[in-house]
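# Observations on the model geometry
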Amino acid sequence: MDNIFKDSVVFITGADGGIGKAFVAELLNREVKKVYVAGINIEALEDLSLIRPDLIIPIKLDVTSTLDVAKCREQCTDVTILINNAGVELKASFLEDKSAAKAQFEMNVNYIGPVDLCNQFLSVLKGNSNPAIINILSIGSLVLIKNISTYCASKMALHVFTQAIRQELEAEIKVFGVYAGYVDTSMVSDVVIEKISPRELVRNICNEVALNTLDIFPDEMSKQFVNSSKLKIDYLL
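Under an unreviewed UniProt entry, the name given to the chain is SDR family NAD(P)-dependent oxidoreductase, and the source organism is Pedobacter gandavensis.

Quick look at the pairing of strand β3 (residues 56-60) now. Across five bridges, strand β2 (residues 34-39) lies against β3 in parallel orientation. Paired with Val-37 across the two strands is Pro-58, which belongs to β3. A crossover links β2 with its parallel partner β3, the connecting element being helix α2 (residues 42-49), and its sense is right-handed.

With that settled, consider the side chain of Asn-110. Position of Asn-110 relative to the elements: it lies in helix α4 (residues 99-126). Polar side-chain contacts of Asn-110 include one of 3.0 Å to the side chain of Ser-154. The contacts of Asn-110, once residues within four sequence positions are left out, are Ala-86, Gly-87, Val-88, Tyr-151, Ser-154, Lys-155 and Leu-158.

Residue placement: Thr-13 occurs in the loop between β1 (9-12) and α1 (18-29). For Thr-13, a relative accessible area of 1% gives the class buried. Sequence separation of Thr-13 and Arg-30 is 17 residues, and the distance between their C-alpha atoms is 19 Å. Here Thr-13 is in contact with Ala-38, Leu-61, Val-63, Ile-83, Asn-84, Asn-85, Ala-86 and Leu-117, once residues within four sequence places are set aside.

Our next topic: the sheet that holds β1. If you trace the seven strands from one edge of the open sheet to the other, you get β3-β2-β1-β4-β5-β6-β7, paired in parallel fashion. With one partner strand each, in any of the chains shown, β3 and β7 (215-216) form the two edges of the open sheet. Two strands pair when backbone bridges link them, and strand β4 (residues 81-84) and strand β5 (residues 132-136) are joined in this way by four bridges, in the parallel orientation. Note that in β5 the partner of Ile-81 across the bridge is Ala-132. Lying on the sheet, α2 is in contact with β2 and β3; it crosses β3 at an angle near 175 degrees.

What counts as what
In this convention, every chain numbers its residues from 1, walking through the sequence in written order. Reporting in this predicted model follows two pLDDT cut-offs: at least 70 for local features of residues, and 80 or more for side-chain atom pairs to be given and counted; totals over whole chains, interfaces and linings ignore these cut-offs and use all residues. The side-chain figures draw on all heavy atoms in the structure; neither hydrogens nor water molecules are used. Between any two strands, pairing holds if DSSP finds at least two bridges. Numbered from the N terminus, helices here are DSSP runs of H or I no shorter than four residues, and strands are runs of E no shorter than two. By convention, a crossover is right-handed whenever its connection, traced from the first strand over the helix to the second and viewed with the strands pointing away, goes clockwise. The term polar contact refers here to a pair of N or O atoms within 3.5 Å; inside protein, the definition further demands a hydrogen-donor-capable atom paired with an acceptor-capable atom, and it admits residues adjacent in sequence only when both atoms are side-chain atoms. Between two residues, a contact is recorded if the distance between any of their heavy atoms is within 4.5 Å. For every residue, the accessible area (1.4 Å probe, protein chains only) is compared with the maximum for its type, and the residue is labelled buried under 20%, exposed over 50%, or partly exposed between those bounds. Between N-to-C directions, angles span 0 to 180 degrees; the directions come from axes that are lines fitted to C-alpha atoms, helices contributing only their stretch in contact.

Here it is in C-alpha cells:
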C-alpha cells in the first residue's frame, strides 16, 4: 500500500462542508504535513483549524473566482495533493423556471472551478514530489438522476475532464476520480435513502487512493457502477 498522504501537503476545496471536514480529520490520521482548508465560510474554516493550528491553514476561496484561485496558488506553493471537493446541487431539472441559471451555477462550481484549480496548480504540483489530483465526482457523473439533471450534467463534465487529464498527465501526476453515491450531508438531507457517513466515505476514499485505485467507488450504492459502460471514454485521435 502506497502511503501517498504521509508528509504530503494537501489543498482541499469545500473544506467548510461535511465531507471536507471529514477529509481533514482523516488526513491528520494519515500524518500529512499540512492541510490548506479552502472554502467560502472562513469562520467555519478558522474554527476547523483550531484542531491543529500548526497543520491546518484556513484560506477563503470561491472556486468560481479565478482571482481567488490565483491567490491560493501564489500562497500555497508547497501543495502536493489537490482535492477538488467543493460542490453544489440545486435540485433542478432542465425544464423548469430558472433552470438555465441553476445549471450555469452548478457548472461553474462543479466543473469550471476544478478545471481552473487544476490548471493554476499544475506547475505547483509538478514542482513537488509525489503529486496527485483527487476529483470528487458522483454516480451522477455516469447516470442521469431524476430531478437533478442539471447537477448530473455538471458532474458528467467533470468526469470527462478527469479522464482526459489523467491520460495527459499520466507520466507526471496521478489523477483520481471518486464516484460517490449518497452521503449523509445537508446537501441530500431531504432524500430518504441509505447514505454513507462522511467519515466512512473519506476513509474508504483514502484507502483506495493508497492502493492506487484511480476510479474509486467508495460506498455500496456506487459499487454497482464499477463496470459501467459510461466510465470509459472513447477517444478520437
